[in-house]
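# Observations on chain architecture
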Amino acid sequence: MASDRPRTYTGPALLSYGFRPFFLLSALFAAGAVPVWLAVWSGRIGLAGPFSPIDWHIHEMLFGYTSAVIAGFLFTAIPNWTGRMPRRGLPLAALAALWIAGRFAVAGAFGTDPLLVLVIDAGFLLAVTLMAVIEIAAGKNWKNLMVVGPVGLYLAANVLFHLEAMQQGESDIGRRLGFATVTFLIMLIGGRIIPSFTRNWLAKGGPGPLPVPFGRFDGASLLVAVGALLCWTLAPDAILTAALLALVAALHVVRLVRWRGHLVWRSPLLLMLHVAYGFLPLGLAATAAAAVGWASAPAGLHLLGIGAIGGMTLAVMMRASLGHTGRPLEAGRALSAGFACIVAAAAARTVLAATDIGGIDGYSLAAAFWTMGFAIYVGRIGPCLLRPSLGRTPSKG
């Protein structure tokens, strides 16, 4: 269905497509928020918002940074799904302003009234969800409504996070529901784009093994994952939860192997997607171990948060930003180093957290790697997001 929005656009390039403002804002925020968290954690600065320092850190990575990436992805993918013209100009600017207002509100810039903070912060995801539903319905692309469902649940998790913080002083179920929802979104969307991009790239090289297409095994893997993540959300220390999470980890290792990632080592942009997805089973296995007391809970959460969520979102942002601005789909040394920094951050936070290397503890080392990874993205990709596209058609390879 064609959109009634004009095809010509004469405004700022930054507001010409959904990925541009939200990928830039999310990367800038990711690079800046973690150094702020280190300063808060060490007691050098304080925040006036309604959350405890730990909850602020978790919320802003899980519902601040990640929500902007999801918005950028949705408002870039939906026009491709529906054939309608993208949202751009003033609507994008208003949505970006609402996201920025949410970050200031959670930090306490508008006072400490928890209901006001909730309304401002949750308003962004509510607007994203409604706009996505309207666009998909207008384009009659009903099959992709399955992506909007988890986004709506993600919104509910954010609201629950706020409510728990108001009533209990800290979040509990809300934070796990948020992690679970984003984890499932990576399983769902990653399961669509990773084998598709891999198949297109491998097919250019001639006959050979290709990724196994989505089938019953993938559907079963997702279904089991829903059950396991729900159990973890409600009963994180149960034996059943540990068993289900371990099963899901094994299923997604098999799923990843079926996508032939070992054959794409000559394409760093593709390899990044496979490596980032590989952190999912690692994080789920570590979370299963934590449920029975064999590992610490933060280890699993940081493998999921830094490795899977951080790695996958950064890899997707790199690929989409290059392709949709008409640049070649080539990572080069800079972007490859940026992604390697995120992998190093995940390793440092989970393996070296309690160590001291040359006077630098593992927390600071992880924060430095994370910040460098996103700073490299901003330095390399930021100018592309601010300038008009080069006119090339984004490659599917």
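Description of the structure in this document. This is a predicted model, so every value here is computed, not measured.

### Thoughts on the overall build of the protein
Regarding its fold elements, the protein presents twelve helices and two strands. Expected size for 397 residues packed as a compact globule is a radius of gyration near 21 Å; at 20 Å, the protein falls within 12% of this value. Taken over the C-alpha atoms alone, the protein extends approximately 50 × 50 × 45 Å along its principal axes. Each of the 397 residues in the protein was classed as buried or not, and the buried ones make up 54%. Within the protein, contacts between residues separated by at least 24 positions form 78% of all contacts whose residues are at least 6 apart in sequence. Surface summary for the protein: the accessible area is close to 16500 Å², and the carbon and sulfur share equals 69%.

### A few points about a nonpolar patch on the surface
Together, I100, F104, F110 and L116 make up a nonpolar patch on the protein surface, roughly 360 Å² of accessible area in all. Topologically, F110 is positioned in the loop between helix 3 (90-107) and helix 4 (114-138).

### With respect to unusual backbone geometry
Even without being a glycine, R260 presents a positive backbone phi close to 60°. Relative to the elements of secondary structure, R260 occurs in the loop between helix 8 (239-257) and helix 9 (268-291). Take R260: its relative accessible area is 26%, and that puts it in the partly exposed class.

### Things to note about the nonpolar core
Ranked by internal contacts, the top residues of the largest apolar core, which has 118 residues, are F22, L74, Y277, W370, F374 and Y377. Broken down by element, the residue count for this core peaks at 16 residues, all from helix 2 (residues 53-82). Non-local contacts of Y277, meaning those with residues more than four positions away in its chain, are made with I186, M187, I194, H252, R255, L256, W259 and M312.

### Some remarks on the pattern of salt bridges
Per the stated rule, a full pass over the model turns up eight salt bridges. The shortest N-O distance in the salt bridge between E135 and R87 comes to 3.3 Å. In this pair, E135 sits in helix 4 while R87 sits in the loop between helix 2 and helix 3, placing the two residues 48 residues apart along the sequence. What makes E135 buried here is its relative accessible area of 3%.

### Re the environment of F339
Looking at the element boundaries, F339 is found in helix 11 (residues 332-351). Accessibility expressed as a relative area gives 7% for F339, which makes it buried.

### What to know about the packing of aromatic side chains
Inspection of every chain in the model, using the stated rule, returns twelve aromatic pairs. Ring plane angle 45° and centroid distance 5.7 Å describe the contact between Y17 and F19, whose orientation is recorded as tilted. There is no split in this pair, since Y17 and F19 are both buried. Taken together, a centroid distance of 5.7 Å and an interplanar angle of 50° make the contact between F22 and F124 tilted.

### Here's the deal with the side chain of H162
With respect to the secondary-structure elements, H162 resides in helix 5 (residues 145-168). With sequence-adjacent residues up to four places away left out, H162 is seen in contact with F51, H59, V117, L118 and D121.

### Quick notes on the state of the cysteines
Disulfides are covalent bonds that connect the sulfur atoms of two cysteines. Taken as a whole and assessed by the stated rule, the structure comprises zero disulfides. Cysteine C341 shares no disulfide, and the gap to the nearest cysteine sulfur, in C384, comes to 19 Å. The class of C341 is buried, set by a relative accessible area of 10%.

### What to know about helix 12 (residues 362-386)
Residues that lie three or four places apart on an α-helix share one face, since the helix turns once every 3.6 residues. When the terminal C-alpha atoms of helix 12 are compared, their 35 Å separation across 25 residues agrees well with the 36 Å that a helix rising 1.5 Å per residue should span. Where helix 12 bends most, at R380, the angle is about 40°, and the proline P383 comes one to four residues later. N-cap assignment for helix 12: the residue whose side-chain oxygen lies 3.0 Å from the backbone N of Y363 is D361.

### Notes on the side chain of N144
With respect to the helices and strands, the residue N144 is situated in the loop between helix 4 and helix 5. Within the structure, N144 has its side chain in polar contact with the side chain of R192 (distance 3.0 Å). Not counting chain neighbours up to four residues away, the residues in contact with N144 comprise W81, I136 and R192.

Basis of the calculations
- Residues numbered from 1 in each chain as written.
- Predicted model: local features only at pLDDT ≥ 70, side-chain atom pairs only at ≥ 80, totals over all residues.
- Heavy atoms only, no water.
- Helix = DSSP H or I, 4+ residues; strand = E, 2+ residues; numbered from the N terminus.
- Rg over C-alpha atoms; globule rule 2.2 N^0.38 Å.
- Buried < 20%, exposed > 50% of the residue type's maximum accessible area, 1.4 Å probe, protein only.
- Contact = heavy atoms within 4.5 Å.
- Areas by Shrake-Rupley, 256 points an atom, 1.4 Å probe, with all protein chains shown as cover.
- Patch = residues over 30% accessible without salt bridge, like charges linked within 9 Å, V, L, I, M, F, W, Y side chains within 5 Å.
- Salt bridge = Lys/Arg side-chain N within 4 Å of Asp/Glu carboxyl O.
- Core = buried A, V, L, I, M, F, W, Y, C linked by side-chain atoms within 4.5 Å.
- Phe/Tyr/Trp six-rings, centres within 6.5 Å; stacked < 30°, edge-to-face > 60°.
- Disulfide = S-S within 2.5 Å.
- Expected span 1.5 Å × (residues − 1).
- Bend = angle between axes of the 7 residues up to and from the residue.
- Polar contact = N/O pair within 3.5 Å; in protein donor to acceptor, adjacent residues only side chain to side chain.

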